[in-house]
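Chains, contacts and geometry: an overview
The chain contents come next:
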Amino acid sequence: MRVVRSARGARQPRAGRTPGLPGAVPAVLGWLPGLAAVAALVLCAHGVDRRPAAPTARPAAQYHAPRPHIVPRSAWLGDAARPQPRPRYDDEVVAVFVHHTDTPNDYDCADTPRILRDLYTGQTGARDWDDLGYNFVVDRCGTVYEGRAGGVTRAVTGAHTQGFNHRTTGIAALGTFTAGVPVPQEIVEAVAAVAAWKLGPSGTDPRAMVDLVSSNGHSRYAAGATASLPAVAGHNDGYMTTCPGAELTARLPAIRGLAAQLQGRP
């Protein structure tokens, strides 16, 4: 009589055969429940992988722009830094305010660090501010400088637009851009690059309008009022001023469009 050896530990088949079926069929039938269970697990796993994700307006990183090169504040401030309170932060950045520094335009870009130190000394000295008000400063060569302390990647609360410092970033163009004073294309491109990058994490389209709440009545809006403002706004959109100058104000549509392109928007 032929003896079929089973694998070690396997259950031995019952003696005898089922009438009318080939000898191998009972073994196959015996495995069917296990195969069905395995198939069910495979189908279940496949179903989980294929299940539609919760609807979202956009993929998380779809409209993120690359971070531009930023010169750290340590490179221009040096030992001129004064004692100051800890930085304050918001949850995110949903708007950008564009400024000009109202300083001469005929500077050499190599002198930008010195000019920034003078701005810092004026704002923290004569004005008694806790730090430079702007989050970023861009010079006529298109170089971007870190302004206010707290970290360029974070939503640092600035001191640039009275009433609208929360959830915004202030970008200042170094110079004076009143009527008839051309704005260098390098400034346009650098401001757009910073705006696109800072607005990316909140999913804000630089061409959109956003709702901001005024923090005090010294702005164009009463304290607590909600204002619908451009995501890339001029200082004078939120405050009674001629800043950022007529010529830079006229370039804001181009800055918004370029920022949108940098975010990869259609």
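Refer to the structure printed above.
Let us look at the structure shown here.

Cut-offs used in this document
Residues numbered from 1 in each chain as written. Predicted model: local features only at pLDDT ≥ 70, side-chain atom pairs only at ≥ 80, totals over all residues. Heavy atoms only, no water. Helix = DSSP H or I, 4+ residues; strand = E, 2+ residues; numbered from the N terminus. Buried < 20%, exposed > 50% of the residue type's maximum accessible area, 1.4 Å probe, protein only. Lys, Arg positive; Asp, Glu negative; His and termini not counted. Salt bridge = Lys/Arg side-chain N within 4 Å of Asp/Glu carboxyl O. Contact = heavy atoms within 4.5 Å. Expected span 1.5 Å × (residues − 1). Phe/Tyr/Trp six-rings, centres within 6.5 Å; stacked < 30°, edge-to-face > 60°.

Overview of the side chain of Arg256
You can see Arg256 is positioned in helix H7 (residues 252-262). Here Arg256 sits buried without a salt bridge, and the closest side chain of opposite charge, Asp237, lies 4.7 Å off (N-O distance). Residues in contact with Arg256, not counting those within four places in the same chain, are Pro206, Arg207, Pro230, Val232 and Ala233.

Brief notes about helix H4 (residues 185-199)
Owing to its 3.6 residues per turn, the α-helix brings residues three or four apart onto one side. Spanning 15 residues, H4 covers 21 Å between terminal C-alpha atoms, matching the ideal 21 Å at 1.5 Å per step. Within H4, 12 of the 15 residues are buried, which leaves the element mostly enclosed by the surrounding structure. Buried within H4 we find Ile187, Val188, Ala190, Val191, Ala192, Ala193, Val194, Ala195, Ala196, Trp197, Lys198 and Leu199.

Remarks on unusual backbone geometry
Peptide bonds are, in most cases, trans, and in most cases residues other than glycine have a negative phi. The omega angle of the peptide bond from Cys243 to Pro244 is 15°, so this bond is cis rather than trans. For Pro244, the location among the structural elements is in the loop between helix H5 (235-238) and helix H6 (246-250). A positive phi is found at Asp128, a non-glycine position, where the angle reads about 60°. Examined against the element boundaries, Asp128 turns out to sit in the loop between helix H3 (112-124) and strand E3 (136-138).

As for the packing of aromatic side chains
Across all of its chains, the model carries four aromatic pairs by this definition. Measuring from ring centre to ring centre gives 6.2 Å for Trp76 and Tyr120, while their planes differ by 70°; the resulting arrangement is edge-to-face. You can see Trp76 sitting in helix H2 (residues 74-77) and its partner Tyr120 sitting in helix H3, a full 44 residues away along the chain. Ring plane angle 70° and centroid distance 6.4 Å describe the contact between Phe136 and Trp197, whose orientation is recorded as edge-to-face. Of this pair, Phe136 sits in strand E3 while Trp197 sits in helix H4, and the two are 61 residues apart along the sequence.

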